[in-house]
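What follows is each chain in one-letter form.
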Amino acid sequence: MHDRLNSVQARDVAYVLHPYTNLSTHVETGPLVVTRGDGIYVYDTDGNQLIEGLSGLWCTSLGFSEQRLIDAANAAMKRLPFFYSFFGRGHDVGVDLAERLISLAPVPMSKAFFTSSGSEANDTAIKLIWYYNNALGRPEKKKIISRHKAYHGVTIATASLCGLPANHQEFDLPIKNILHTDCPHAYRFGRLDETDEEFATRLADNLEELILEEEPDTVAAFIAEPILGAGGVLVPPETYYAKIQEVLERYDILFVCDEVINGFGRTGNYWGAQTRNICPDIMTMAKGLTSAYLPMGAVLISDEIFQALVAQSEKLGIFGHGYTYTGHPVCASVALEAIRIYEDLRIVDRVRRVGARLRAGLMRHKDHPLVGEVRGVGLMAAVELVRNKSTGEPFDASSGVGAYFGQRSIQHGLIVRTIGDSICLAPPLIITEEQVDSLLEKFARALDDTADMLTRAGHSLSA
Ligand SMILES: Cc1ncc(COP(=O)(O)O)c(C=O)c1O
């Protein structure tokens, strides 16, 4: 069964349980094993060079060989390999990072709480919201509204927030008090006779209807990634969040902005909240915070929320939440250095310039018979492949068109993320214009291969 697998692949199949993998077919196909990285590239066990077109998991913003991050980790490891922030104790780098993040926040924020991942950051946000409403004497105000196609993590609560079936099915999720409202993707969910503006209004009206049905006094918060990532790089209409925020304000509902993918320049502003004019009460982040060189997440909270936590802990004698690795000093040092590098690179200007080239290059395929929609902002983009270009009808889920594209693009030296038949790209923010052109050339070859495969299978490409 494993004849085609090399020895690392065979041992992988023997010993590793892979996240987000078809565990059944994996036994046959084995893993893609990478052994080293350099800039925007990774190298597999046969020495093939691959552009990491999704920055790993939308996270290695500074590529795979940033010496300044390595040096920061080394120095921090030598100086103070661990200390905690429980019991009112802490360390200088944790203070520096909290101060830095609050100074960078797009709206006034009061405190930073550190975690080791995006899931833990969102999970913490939910706990803080429940604690906050208990402190305010509103024990019924606990429901959190997320959206279909959202991705917020894999803990029991954050997987419940996800709007993707695989996160719920057979895990006995979602838990109670989690609701889902519409996905703001006009290409898929807009009506034929509807403008983007009308679509946004309809979604805001639907949200209000849901809140009224559930009773506003039971709804605590709305959580959103400004630009949805794992849902397939979905870009909501310009005015969508203004309309949503109006509804939330009417019913005293908090806005949690999930910046785990969007933050640190990815969308062409420092924060996704700025790209879509969101005024959050809580912000969560991870990934780009350390460029993924070490695991770290953070939650920023408004002063209003902080004051309620203070009152609650005064009553209870303690704020009973925290992870062993909260504010880990080595991770915090790497995060501080990553933020310095973003500044030195003028990351926002850079993403705008290079991102425009990436999106313009992808746009050249918009008349291709397989391409339904090309979308994106900053350095995140997706090309959605469809069965029928004029109606947008998707391929059957079982047809594996996106997966085929993904295999072909690896053959051409490019790793993409395929979400259904949406081909997603979010390369490291350090990618150069020449490297964008090389990425686009590989993308075009995989698109040609996919069209050839479908033609051979009898699919008419002129539809
Ligand atoms: C928007 C968003 N939020 C939260 C998470 C969860 O982060 P983690 O995988 O670090 O737990 C992710 C991960 O992809 C994400 O994309």
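Scoring rules and cut-offs
Residues numbered from 1 in each chain as written. Predicted model: local features only at pLDDT ≥ 70, side-chain atom pairs only at ≥ 80, totals over all residues. Heavy atoms only, no water. Helix = DSSP H or I, 4+ residues; strand = E, 2+ residues; numbered from the N terminus. Rg over C-alpha atoms; globule rule 2.2 N^0.38 Å. Buried < 20%, exposed > 50% of the residue type's maximum accessible area, 1.4 Å probe, protein only. Contact = heavy atoms within 4.5 Å. Areas by Shrake-Rupley, 256 points an atom, 1.4 Å probe, with all protein chains shown as cover. Lys, Arg positive; Asp, Glu negative; His and termini not counted. Charge placed at Lys NZ, Arg CZ, Asp CG, Glu CD. Pairing = 2+ DSSP bridges. Axes fitted to C-alpha atoms, helices over the stretch in contact; angles between N-to-C directions. Disulfide = S-S within 2.5 Å. Core = buried A, V, L, I, M, F, W, Y, C linked by side-chain atoms within 4.5 Å. Domains from an automatic or database assignment. Buried area = accessible area lost by both parts, 1.4 Å probe. Salt bridge = Lys/Arg side-chain N within 4 Å of Asp/Glu carboxyl O.

A.B. asks: Describe the overall build of the protein, naming the residues involved and giving the relevant values.
C.D. replies: Looking only at helices and strands, the protein features 16 helices and 15 strands. Its C-alpha radius of gyration of 22 Å places the protein within 12% of the 23 Å reference for a compact globule of 463 residues. Each principal axis of the C-alpha atoms in the protein carries an extent, and together these give about 70 × 60 × 45 Å. A total of 463 residues make up the protein; the buried ones form 55% of that total. Within the protein, contacts between residues at least 6 apart in sequence are counted, and of these 70% link residues at least 24 apart. In the structure as shown, the protein presents an accessible area of about 20500 Å², 52% of it carried by carbon and sulfur atoms. Both charge centroids of the protein, one from 43 positive and one from 58 negative side chains, sit 4 Å from each other.

A.B. asks: Could you give an account of the sheet that holds strand β3 (residues 49–52), naming the residues involved and the relevant values?
C.D. replies: The mixed open sheet is built from 4 strands, whose spatial order is β1-β2-β3-β13. The sheet terminates laterally at β1 (34–38) and β13 (414–415), the two strands that pair on one side only. Taken together, the 3 bridges between strand β2 (residues 41–44) and β3 define a ladder with antiparallel strand orientation. Its bridge partner lying in β3, V42 is registered against L50. Sitting on the sheet, helix α16 (residues 433–456) touches β2, β3 and β13, and the angle it makes with β3 is about 105 degrees.

A.B. asks: With reference to specific residues and values, describe the state of the cysteines.
C.D. replies: What the rule picks out here adds up to 0 disulfides. The thiol of C257 is unpaired, and the distance to the nearest cysteine sulfur, on C279, comes to 10 Å.

A.B. asks: Let's hear about the pairing of strand β11 (residues 371–377): which residues, and what values?
C.D. replies: With 6 of 7 residues buried, β11 is to be regarded as a mostly interior element. Pairing of β11 with strand β12 (residues 380–385), which is carried by 6 bridges, proceeds in the antiparallel orientation. The partner of R375 across the bridge, within β12, is A382. Connecting β11 to the next strand, β12, in antiparallel fashion are 2 residues, including G378 with a positive phi near 50 degrees.

A.B. asks: If you had to explain the nonpolar core to someone new, which residues and values would you point to?
C.D. replies: If you look at the biggest cluster of nonpolar residues, it comprises 90 residues, and the most contacted ones within it are L101, F222 and L385. The element best represented in this core is helix α13 (residues 329–344), accounting for 10 residues. Each of domain 1 (32–65 + 346–456) and domain 2 (68–344) accounts for three or more of the residues forming this core. For L101, the contacting residues outside a window of four places in its chain are F114, F264, M285, L289, A298, L300 and I339. Counting 24 residues, the second largest nonpolar core, distinct from the first, contains L161, A220, L254 and A308.

A.B. asks: Any details on the domain arrangement of the protein? Residues and values, ideally.
C.D. replies: Entries for the protein in the domain assignment read domain 1 (32–65 + 346–456) and domain 2 (68–344). The centre of domain 1, based on its C-alpha atoms, is set 27 Å off from the matching centre of domain 2. Contacts between the two partners involve 36 residues from domain 1 and, on the opposite side, 32 residues from domain 2. Counting the surface lost from both domain 1 and domain 2, the interface buries some 2600 Å², and carbon and sulfur atoms represent 61% of this. Taken as a group, W58, L62 and M380 account for 25% of the area that domain 1 buries against domain 2, more than any other trio of residues on that side. On the surface where domain 1 and domain 2 come into contact, there are 1 salt bridge.

A.B. asks: Just give me the short version of the pattern of salt bridges, but keep the residues and values in it.
C.D. replies: Applying the stated criterion across every chain yields a total of 21 salt bridges. One salt bridge connects E214 with K143, and the closest N-O pair in it is separated by 2.7 Å. Taken together, the positions of E214 in helix α9 (residues 196–214) and K143 in strand β5 (residues 143–147) put the pair 71 residues apart, joining distant regions of the chain. A residue is classified by how much of its surface remains accessible, and E214, at 22% relative accessible area, is partly exposed. Beyond isolated ion pairs, a larger network of salt bridges with shared partners links R68, E337, R340 and D344.

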